[in-house]
Amino acid sequence: MRRANAPSAALIGRDTESRAIIERIDAARKGNGGAVVVIGAPGIGKTSLFAMARAYAAENELQVLATTGVQSETHLPFAGLHQLLKPVLHNVDRLPAPYGKALRSAFGLSDEPVTNPFLIALAILQLLVESADAPLVLLVDDAQWLDASTAGALAFAARRLESDSIALLVALRHGYESPFLEAGITELTIEALTESHAGDLLDARSPNLDRSSRARVLESAAGNPLALVELLSSLRSLDAAHVFGRSDLPLTIRLERAFADRLTSLSSGTRSFLRVAAADERGRTAEVLAAATKLEGREVTLEAATEARAAGLVEVDGPELRFQHPLMRSAIHQAMSLEERRATHDALAATLEDDPDRRTWHRAAATVGTDPQVAAELEELAQRASRRGAAGVAIQAFERAAQLADKPERRAIHFARAANYAMVMGRASKVLHFLDTMDDDHVPVGERPFVVTMRESYGRSAWSGASKIAEFVEIAERLRAEGNIDRGMTALFVIANRCWWSNPDESTRRAVISALNRFSLSQDDPRVLSVLAMASPDEYGAVILDHLSRRTGESEAQRGGVADHQLGLAAQAVGDFERAERFQEARAQFLRAQGMLGGLTSSLLKLAWTKIQRGDWRTAGSMASESERLAEETGQLDLAAAAKLASATIAAYRGEIDVAERLATEGEGALYLSGANPQLAMVQWPRGVAALATGRYDDAYRQLRRIFEPSDHAHHPHVRSWVLVDLAEAAAHSKHEDDTHAIVQDLEAIAARTRSPLLVGALQFARAVFSPDGDETAFEAAADLASWPFTRARLQLAHGVWLRRHRRPADSRAPLRAARDTFDALGAVPWGERARQELRASGETSRRRTHDLVDALSPQELQIARLAAEGLTNKEIGQQLYLSHRTVGSHLYRIFPKLGITARSHLRGALQDISTEHLS
């Protein structure tokens, strides 16, 4: 690559900032893409730095795409994004079909609805990568005024530019919230100029300024470059005292006053023209003139635009106009009285009969008090925005509709819908704002289960457990009676999930099941099976298993939809993890293909828990890691915490104790913050396993025993089955067999009724380790545990120990060898070492566990390596994992030496797949 040209002009006092931006661009030229958010006060020089960046890019033959946020465009779907991507939209045809459709819909080029707003963010990433034939520099100025949909989509893409020749530079006004600040990308704060540099800039603009005036301007400007220039102009005007006289006012207000002072000498028609331009979002000269004519009550001609331009307020470029600086727009807006603002928006609304969305926004801006008609129009606008994937605009529309609604019930439902969209978009602060604003007494009955659940998930109220179930059942019944079967079943699904986590009494469970029966749906309906399984798994487990066994012949073409989600939950709830794995994998693949990141986050987490039980810890680790990343990106903080706990459990089983304890602590803290107490059982699991792995059996027993104690906050009646093997092992080594016998007897009765595969297998292990001395028959169950390789290996280890201690060392070696080999394959290092110790005690020297090169891979690297081993191209892998193909290639470049290979064709052999089939 040829040497980069230096910037042709330097900015006074901005050497450090200029260097940081140039380094970011140069890194992108070398294939190390990334983003920088430039933060500063109005007029501090952000736009000048971007002009420098544009010039530097041009001098080095880089392609530049740019957009600027406009305050009055914040509610127009993807307005900023369309401006940014317009030069490369011809590449949309090169995208996978779902991405191309999503972008066309987002920009109003197609009527096809976008069911998932994250699909647009993924499409943007792919479009940028496809368009980066030469390095790309993206400039986003005044990002605080971007529409929420554009800002969210670009922030999502910004996280994924690590190996692409793309530099994204975002200018953001200090003090504003933005998705860019939540994206974890580099921030560059622009401070005021030093006194010396401010003096140099002032001298360059006005070298002959007298000493007194120079000192006055420098003091008032406080190191703000724009203030230096504008206050210098005001110094020469008749209104200098008005501008300089109030040093107690914020600098931004004084600058706005300096701009507003220019209005006083303009004609009435020009002032109307500028008021409309300040309120208009498009900046179309003809449109502004038409609205100004309505506002003025007489014709306003192009002479108004000419006069405004001569005053240094606007630039007119053919059919379009723009303000010289964003503060000029806000200055004019602030200078208007409330009645002038209302009249201005009324004039614009009357001019926009052919543009219903913009007309509605201006009608809303012109409305004082309540107006149910405008509120209804905003609701329709929100629905149109949602169909285009512009959830951010839908949030704004529902919020404004709530403010204009004349009835408390309508206000509550608008806030509830805004909160739901904010939750989908991962805007936690917005969710909390709407929940705090909402009056629950007026929330429509059909929305209450979801609002209550949202409040508890976001920590705005404590976990209410089973106390709300009876109320929710009545709501589901009412929805059914009104003929709203789908909504009623959705409510029942929420109720059943609450039953699974809260352990209600039998009468409450029966009420849920009775309500379900009154829906009169087929017993084979996946919705029915999932509600039965979660509401009452102990009573209906065997029934669910029989129904699930009849579904194994479904064709793959029928898989992946909502039914698989429901069937996967049903199978997991009744302990059929083998079938749950198949349903959950199909569901995750479907969500991945559709780009439905919110649902995929939860699906991956459920799959991780399933694979932990199935002994596929490496894949489980990849699932949990990806789930945590996506949860943080989509704002699902309770799921991010739960994903940490899944990773903690895997680390504990593998003997990575420090990692396990750190993740368990982080997960526990996040759960307490979100009020998600029902998942505290999942905190005790990794802590108990970590103690078990290090031979602290008493501690392990105490940690795990809490899950089995009904009076403990960590109690969970169903998770007991998940951790019974761990509890039994801890009890057998810590003299707690007698205490555990009662637990085993209780679970024996449940297993007899439900036939839960997980519980049946766990009880086989417990019987063996608690068997009377001399009874070897209990160990013969190992052959029946093929679906649970880790449990089987632990039983083989226990059998070998039993044989050796009964003076049969030769007989002990076969089960000990089998256990050792399975532990090694799984990566269960502590258990593998115990098997080796027992083999040595039996008289057989056991080889050391060889270092598994696969263990050197991160969870994401393992995911990429496996997909590549299956024959997927870098582009196909990128589409699955929401990465660019260059990022995938960069990962593979690092993966090969870790695995000791040099070619893609060697991946399959190097990975040595350790699925449960290979361990059976």
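Small disclaimer: the values here were computed from a predicted structure and weren't measured. Within any chain, residue numbers begin from 1 and follow the written order of that chain's sequence. In view of the model being predicted, local features appear only for residues whose pLDDT reaches at least 70, and side-chain atom pairs are presented and counted only at 80 or more, with totals across whole chains, interfaces and linings using the full set of residues. Computation of side-chain values: all heavy atoms of the structure, hydrogens and water removed.

## Looking at the overall build of the protein
- Secondary structure elements follow DSSP: runs of H or I no shorter than four residues count as helices, runs of E no shorter than two count as strands, and numbering proceeds from the N terminus. Along the backbone of the protein there are 47 helices and seven strands.
- Its C-alpha radius of gyration of 33 Å places the protein within 12% of the 29 Å reference for a compact globule of 920 residues.
- Considering only C-alpha atoms, the protein reaches an extent of 105 × 70 × 50 Å along its principal axes.
- Partitioning the contacts of the protein with sequence separation of at least 6, the portion at a separation of at least 24 is 68%.
- Entry remark: accessible area of the protein is about 37,300 Å², with carbon and sulfur atoms responsible for 49%.
- Across the protein, the centroid of the 108 positively charged side chains sits 2 Å from that of the 120 negatively charged ones. Each radius of gyration is computed over the set of C-alpha atoms, and the globule rule expresses the reference value as 2.2 Å times the number of residues to the power 0.38. Contacts are assigned to residue pairs that have any heavy atoms within 4.5 Å of one another. Per-residue accessibility takes into account occlusion by the displayed protein chains alone, with areas from the Shrake-Rupley method and a 1.4 Å probe. Lys and Arg are tallied as positive, Asp and Glu as negative. Neither His nor the chain termini are counted. Charge coordinates come from a single atom per side chain, which is NZ of Lys, CZ of Arg, CG of Asp or CD of Glu.

## Topic: the pattern of salt bridges
- What counts as a salt bridge is simple: a side-chain nitrogen of Lys or Arg found within 4 Å of a carboxyl oxygen of Asp or Glu. Counted under the stated rule, the structure contains 60 salt bridges.
- Glu748 serves as the salt-bridge partner of Arg767, at 2.8 Å between the closest nitrogen and oxygen. One end of the pair, Arg767, is in helix α39 (residues 757-769); the other, Glu748, is in helix α38 (residues 737-754), with 19 residues separating them in the sequence.
- What emerges from the salt-bridge pattern is a single network uniting Glu581, Glu585, Lys611, Arg614 and Asp616.

## Considering the packing of aromatic side chains
- In summary, the pairing rule links any two rings of Phe, Tyr or Trp, Trp by its six-membered ring, whose centres are within 6.5 Å, and it sorts them by plane angle into stacked for under 30 degrees, edge-to-face for over 60 and tilted for everything else. Evaluation of the coordinates by the stated rule reveals 18 aromatic pairs.
- For the ring pair Trp609 and Trp722, a centre distance of 6.4 Å and an interplane angle of 50 degrees mean the geometry is tilted. Of this pair, Trp609 sits in helix α31 (residues 597-614) while Trp722 sits in helix α37 (residues 719-733), and the two are 113 residues apart along the sequence.
- On the basis of relative accessibility, which here comes to 7%, the residue Trp609 falls in the buried class.
- For the ring pair Phe790 and Phe823, a centre distance of 5.9 Å and an interplane angle of 75 degrees mean the geometry is edge-to-face. With Phe790 in helix α40 (residues 789-805) and Phe823 in helix α41 (residues 809-826), this residue pair connects regions lying 33 residues apart in the sequence.
- A relative accessible area of 6% means that Phe790 is categorised as buried.
- Put simply, the rings of Trp500, Trp501, Phe577, Trp609, Trp685, Trp722 and Trp788 touch in pairs and so form one group of aromatic residues.
- Above the ring of Phe156, the side-chain terminus of Arg160 is found at 3.9 Å from the ring centroid.
- Its guanidinium or amino end placed over the ring of Phe765, Arg794 lies 5.9 Å from that ring's centre, counting from NZ or CZ. For every residue, the accessible area (1.4 Å probe, protein chains only) is compared with the maximum for its type, and the residue is labelled buried under 20%, exposed over 50%, or partly exposed between those bounds. Whether a charge sits over a ring depends on NZ of Lys or CZ of Arg being within 6 Å of the ring centre and within 35 degrees of the ring normal.

## Some points on the pairing of strand β7 (residues 320-323)
- Judged by which residues are buried, β7 turns out to be one-sided: Leu321 and Phe323 face inward and are buried, whereas Glu320 and Arg322, on the alternate face, are not.
- Of the pairings in the sheet, the one linking strand β6 (residues 314-317) to β7 comprises four bridges and is antiparallel in character. Following the sheet pairing, Asp317 is matched in β7 by Glu320.
- Think of it this way: DSSP has to see at least two bridges between two strands before they count as a pair. What sits between β6 and β7 in their antiparallel hairpin is a turn of two residues, with Gly318 showing a positive phi close to 65 degrees.

## Re the nonpolar core
- Counting residues in each nonpolar core, the largest one holds 214 residues, and the members touching the most others are Leu85, Ile124, Phe180, Leu492, Trp722 and Trp831.
- In contact with Trp722, not counting residues within four places along its chain, are Trp500, Gln572, Phe577, Trp609, Gln613, Met682, Trp685 and Leu758.
- To form a nonpolar core, buried Ala, Val, Leu, Ile, Met, Phe, Trp, Tyr and Cys residues must be joined to one another through side-chain atoms within 4.5 Å. One finds Val217, Leu226, Ala308 and Met328 within the second-largest nonpolar core, a separate group that totals 40 residues.

## Here's the deal with the packing of helix α32 (residues 617-634) against helix α33 (residues 637-653)
- Simply put, an axis is a line fit to the C-alpha atoms, just over the touching stretch for a helix, and the angle between two N-to-C directions goes from 0 to 180 degrees. At a minimum axis separation of 8 Å, α32 and α33 run at an interaxial angle of 155 degrees. Here α33 runs roughly antiparallel to α32, going by the angle between their axes. Viewed along their axes, α32 and α33 form a crossing whose handedness is left-handed. Taken together, the residues of α33 that come into contact with α32 (itself represented by Trp617, Ala620, Gly621, Ala624, Ser625, Ser627, Glu628, Ala631 and Glu632) are Leu639, Ala640, Ala643, Lys644, Ala646, Ser647, Ile650 and Tyr653.
- Residues are grouped as follows: nonpolar covers Ala, Val, Leu, Ile, Met, Phe, Trp, Tyr, Cys and Pro; charged covers Asp, Glu, Lys and Arg; every other residue, Gly included, is treated as polar. Partitioned by chemical class, the residues of the contact of α32 with α33 number ten nonpolar, four polar and three charged. Each angle gets one of four labels, with under 35 degrees taken as roughly parallel, over 145 as roughly antiparallel, 65 to 115 as roughly perpendicular, and the rest as oblique. For a crossing to be left-handed, the near helix must be turned anticlockwise from the far one by less than a right angle; the clockwise case is right-handed.

## Points about the environment of Lys294
- With respect to the helices and strands, Lys294 occurs in helix α14 (residues 285-296).
- When the C-alpha positions of Lys294 and Asp346 are compared, they lie 9.1 Å apart, and in sequence the two are 52 residues distant.
- Beyond its immediate stretch of four places on either side in the chain, Lys294 contacts Ala347, Ala350 and Thr351.

## Details of the confidence of the model for the protein
- In the predicted model, the protein carries a mean pLDDT of 87, and 93% of its residues have values of at least 70.
- Contacts of residues 913-920 to residues separated by more than four positions or lying in other chains number 15 contacts, the stretch itself having pLDDT below 50. As a per-residue quantity, pLDDT reports the predictor's confidence and falls between 0 and 100.

## With respect to the packing of helix α35 (residues 681-693) against helix α42 (residues 829-841)
- It is at 9 Å that the axes of α35 and α42 come closest, and there the two elements cross at 25 degrees. By the criterion of interaxial angle, the relationship of α35 to α42 is roughly parallel. Note on packing geometry: the crossing formed by α35 with α42 is left-handed. Judged by residue contacts, Val689, Leu692 and Ala693 of α35 engage Pro830, Trp831 and Arg834 from α42.
- Residue composition of the contact of α35 with α42, grouped by class: five nonpolar, no polar and one charged.

## Focus: helix α23 (residues 448-457)
- In terms of residue burial, α23 counts as a mostly covered element, since seven of its ten residues are buried.
- Within the sequence span of α23, burial applies to Pro449, Phe450, Val451, Val452, Met454, Arg455 and Glu456.
- Phi turns positive one or two residues past the end of α23, at Gly459, with a value near 75 degrees.

## Topic: the sheet that holds strand β2 (residues 63-68)
- With respect to topology, five strands assemble into an open sheet ordered β2-β3-β4-β1-β5, the strand pairing being parallel. The sheet terminates laterally at β2 and β5 (186-189), the two strands that pair on one side only. In this sheet, adjacent strand axes meet at a mean angle of 20 degrees when their direction is disregarded.
- Relative to β5, strand β1 (residues 34-40) runs parallel, the two being bridged by four bridges. Among the inter-strand pairings, Ile39 is bridged to a residue of β5, identified as Thr189.
- Strands β2, β3 (136-141) and β4 (166-173) of the sheet are contacted by helix α5 (residues 117-131), whose axis makes an angle of about 135 degrees with β3.

## Describing unusual backbone geometry
- The backbone of Ala222 shows a phi angle near 50 degrees, a positive value even though the residue is not glycine.
- Among the secondary structure elements, Ala222 is positioned in the loop between α9 (211-221) and α10 (225-235).

## Focus on the environment of Asp439
- Looking at the secondary structure, you find Asp439 in the loop between α22 (428-437) and α23.
- Classification of Asp439 by relative accessible area gives partly exposed; the value is 37%.
- A distance of 3.0 Å separates the side chain of Asp439 from the side chain of His442, its partner in a polar contact. Identification of polar contacts relies on pairs of N or O atoms within 3.5 Å, with a donor-acceptor requirement for protein atoms, meaning one able to donate a hydrogen and the other able to accept it, and with residues adjacent in sequence counted only if both atoms are side-chain atoms.

## Thoughts on the side chain of Glu628
- Tracing the sequence through the fold places Glu628 in helix α32.
- On the basis of relative accessibility, which here comes to 15%, the residue Glu628 falls in the buried class.
- Polar contacts involving the side chain of Glu628 include one to the side chain of Lys644, which spans 2.9 Å.
- Beyond its immediate stretch of four places on either side in the chain, Glu628 contacts Ala640, Ala643 and Lys644.

## Description of α37
- To estimate how far a helix should extend, the number of its residues minus one is multiplied by 1.5 Å. Between the first and last C-alpha of α37 there are 22 Å, a value that for 15 residues agrees with the 21 Å anticipated at 1.5 Å per step.
- By definition, a residue's bend is the angle between the axes fitted to the seven residues ending there and the seven starting there. Where α37 bends most, at Val725, the angle is about 40 degrees.
- Among the 15 residues that make up α37, 13 are buried, leaving the element largely enclosed by the rest of the structure.
- Lys735, located one to two residues past α37, shows a positive phi value of around 65 degrees.

## Comments concerning the side chain of Gln863
- Secondary-structure assignment places Gln863 in helix α43 (residues 859-869).
- Assessed through its relative accessible area of 8%, Gln863 is described here as buried.
- In terms of polar contacts, Gln863 uses its side chain to reach the side chain of Glu626, at 2.7 Å.
- Setting aside chain neighbours within four positions, we find Gln863 in contact with Arg592, Ser622, Met623, Glu626, Arg629 and Leu881.

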